[in-house]
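This is what each chain is made of:
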Amino acid sequence: MSGHALIAGAGIGGLSAALFLAATGWRVSLFESAPVIEAVGAGLQLSPNATAILRQIGVLERLGRTSLAPKAVRVLRARDGATLALMRLDRAESRWGAPYLLAHRADLQRALLDAAAGQEAIALHTGVALTGFASGPGGVTAALRKGMTRFEVAGDCLIGADGSRSLVRGRLLGGDDALNMSRRAAWRALVPADRAPPEALRPESCLWLGRKAHLVHYPLRGGSVVNVVAIVAQEQGKADEGPFWSNAADPAELVETFKGWHESARALLAGAGEWRKWRLHDRDPLPGWSAGRVALLGDAAHPMLPFLAQGAAQAIEDAGALGAALGRVKAGGDIPGALSAYGASRLPRASRVQLESRAQERIYHLSGPAAFARDLALRAMGGERLLARYDWLYRAAPA
Ligand SMILES: Cc1cc2nc3c(=O)[nH]c(=O)nc-3n(C[C@H](O)[C@H](O)[C@H](O)COP(=O)(O)OP(=O)(O)OC[C@H]3O[C@@H](n4cnc5c(N)ncnc54)[C@H](O)[C@@H]3O)c2cc1C
């Protein structure tokens, strides 16, 4: 064994990191504050930069038939449903080295959990929250709470994979580190296939661009449901800041926003039974991700807006890079140095994705003449040239 890693948070990032560390000989204690890891969430677009890494730990195979490989990304104009661009994804494997997949977040989490359950080196403790930590030259001590019981666990390093409101991040950086709250909220629903218009069942990821709103949808789980995400303006003060999927939403609000949209989009929205929404947020890129024996990973390090669909993918990239960096440390080796090398290897790319996700937000929500010009440009460029703009992102970063 190379050492003992403590990880706070068993989301996509924490679980992936545990698997990579176990694969390189580390013992891992994974602490998750939720008492049970529930099958919550909705669809995730898993781009090739993420699937290439999931493949290395056998998770892509486990995901298997629950995921779906879309043939294209279709960009549509909201008012009349005209196709503005069609980006073909059917050559993803040869172009980027791994498939582009659509999966339910719960299916990915299940695949990660199953893989972790098969590893003796990983101990998952649910219902255990990290409440603090102390890091010194000889190791790190995590302060933990399970119900009313407080206890400590010692390890060689601590990884904060505890999401966008990360306690580890707050303690590591101190000072004012508030989230940037977006003026937009994401509404999410799963529409059963028999309540969706037939065109929404095509194996495509569809992006509708409208005035001050956009809509993303794609089929999931063998086409039995359609994942729908509507991004709309959110008034200040009405924002939901709870965790994913905890906030029920009133669909009447959506009807008004989408009333001028093509009937196909409206029919899809009408097919949803239950909506959940939350206010989008991100943070500015950080100057560094580690201090001593403590490092950040996933949304804890780089919370981002979802407009490039990269939050989970970047967390998975982090996990691969962390495994590579800590895997090189021999017994008694330089763990702070390895954590610092991990951060340095990932920070420029993840920061770029954070900033480009913000830029994408502006492009998606143009209105009037600017939107007209954008739509003309999309048509003029064509699917292939548009796709080439994502090559830097979808090609897996070397682990
Ligand atoms: C609308 C929307 C659409 C999205 N679509 C995509 C997409 O298509 N593709 C994509 O790649 N990404 C997408 N994302 C982003 C993605 O969901 C997240 O970036 C990703 O899940 C982050 O994973 P994580 O493991 O870093 O954090 P989280 O999933 O937030 O996990 C953190 C975990 O830490 C636990 N925790 C918190 N505090 C503590 C503590 N003190 N002690 C112990 N445990 C703790 C939490 O309970 C949680 O389980 C989307 C996001 C949004 C909002």
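Per an unreviewed UniProt entry, the protein carries the name Monooxygenase FAD-binding and comes from Methylocella silvestris. Looking at the Cofactor (unreviewed entry) heading of the UniProt record, one finds this comment for the protein: "FAD".

With that out of the way, let us pick up unusual backbone geometry. Backbone geometry at Arg 221 places phi at a positive 45°, although glycine is not the residue there. Looking at the element boundaries, Arg 221 is found in the loop between strand 14 (213–220) and strand 15 (225–233). The residue Ala 309 is not glycine, and still its phi comes out positive at about 50°. Take Ala 309: it is sitting in the loop between strand 19 (294–296) and helix 9 (311–327).

This paragraph deals with the pairing of strand 14. Burial within strand 14 is extensive, with eight of its eight residues counted as buried. By the alternation rule, side chains of strand 14 split into Ala 213, Leu 215, His 217 and Pro 219 and His 214, Val 216, Tyr 218 and Leu 220, which are all buried. Between strand 13 (residues 204–210) and strand 14, which pair antiparallel one after the other, the connecting turn spans two residues, and Lys 212 there sits at a positive phi close to 60°. Both strand 14 and strand 15 contribute to a ladder of seven bridges, which runs antiparallel. The residue of strand 15 that forms the bridge with His 214 is Ile 231. Linkage of strand 14 to strand 15, two consecutive antiparallel strands, is achieved through a turn of four residues, within which Arg 221 is found at a positive phi near 45°.

On to the site of the ligand. The ligand sits among 29 residues. The nearest are Gly 13, Glu 32, Gln 45, Asp 299 and Ala 313. Between the ligand and the protein, one listed contact pairs a nitrogen atom with a backbone N or O atom of Ser 33 at 3.1 Å. For the ligand, an oxygen atom lies 3.4 Å from a polar atom in the side chain of Arg 105. Across the complex, the protein chains shield 85% of the 1000 Å² of accessible surface that the ligand would expose by itself. Its residues placed into classes, the shell around the ligand shows 15 nonpolar, nine polar and five charged.

In this section: the sheet that holds strand 1 (residues 4–8). Spatial strand order, 7-2-1-11-19-18: six strands in an open sheet with mixed pairing. The sheet is open, and its two borders are formed by strand 7 (122–126) and strand 18 (290–291), each paired with just one other strand. As judged from the four bridges shared by strand 1 and strand 11 (residues 157–160), these two strands associate in the parallel manner. Counterpart to Ala 5 in the pairing with strand 11 is Cys 157. Where helix 10 (residues 335–364) meets the sheet, its contacts fall on strand 11, strand 18 and strand 19, and the angle it forms with strand 19 comes to roughly 15°.

Let's shift gears to the packing of helix 2 (residues 48–56) against helix 9. Two packed helices can be described by the angle between their axes and the distance between those axes. Viewed as axis vectors pointing N to C, helix 2 and helix 9 meet at an angle of 40°, and their least axial separation amounts to 9 Å. Taken together, helix 2 and helix 9 sit at an angle that is classed as oblique. Crossing geometry of helix 2 relative to helix 9 is assigned as left-handed. Note on element contacts: helix 9 touches helix 2 through Ala 313, Gln 314, Ile 316, Glu 317 and Gly 320, opposite Asn 49, Ala 50, Ile 53 and Leu 54. Of the residues contributing to the contact of helix 2 with helix 9, the split by class is five nonpolar, three polar and one charged.

Along the chain, Glu 32 falls in strand 2 (residues 27–32). Comment: no salt bridge for buried Glu 32; closest opposite-charge side chain is Arg 105, at 7.7 Å. Of the polar contacts made by the side chain of Glu 32, one reaches the backbone nitrogen of Ala 10; its length is 2.8 Å. At 2.9 Å, the side chain of Glu 32 and the backbone nitrogen of Ala 34 are in polar contact. Ignoring anything within four residues of it in the chain, the contact list for Glu 32 reads Gly 9, Ala 10, Gly 11, Ile 37, Leu 124, His 125, Thr 126, Gly 127 and Val 128.

Definitions and cut-offs
Residues numbered from 1 in each chain as written. Predicted model: local features only at pLDDT ≥ 70, side-chain atom pairs only at ≥ 80, totals over all residues. Heavy atoms only, no water. UniProt positions renumbered as here; feature names shortened; annotations may be inferred. Helix = DSSP H or I, 4+ residues; strand = E, 2+ residues; numbered from the N terminus. Buried < 20%, exposed > 50% of the residue type's maximum accessible area, 1.4 Å probe, protein only. Pairing = 2+ DSSP bridges. Near = heavy atom within 4 Å. Polar contact = N/O pair within 3.5 Å; in protein donor to acceptor, adjacent residues only side chain to side chain. Areas by Shrake-Rupley, 256 points an atom, 1.4 Å probe, with all protein chains shown as cover. Nonpolar A, V, L, I, M, F, W, Y, C, P; charged D, E, K, R; others polar. Contact = heavy atoms within 4.5 Å. Axes fitted to C-alpha atoms, helices over the stretch in contact; angles between N-to-C directions. Parallel < 35°, antiparallel > 145°, perpendicular 65-115°, else oblique. Left-handed = near helix turned anticlockwise from the far one by under 90°. Lys, Arg positive; Asp, Glu negative; His and termini not counted. Salt bridge = Lys/Arg side-chain N within 4 Å of Asp/Glu carboxyl O.

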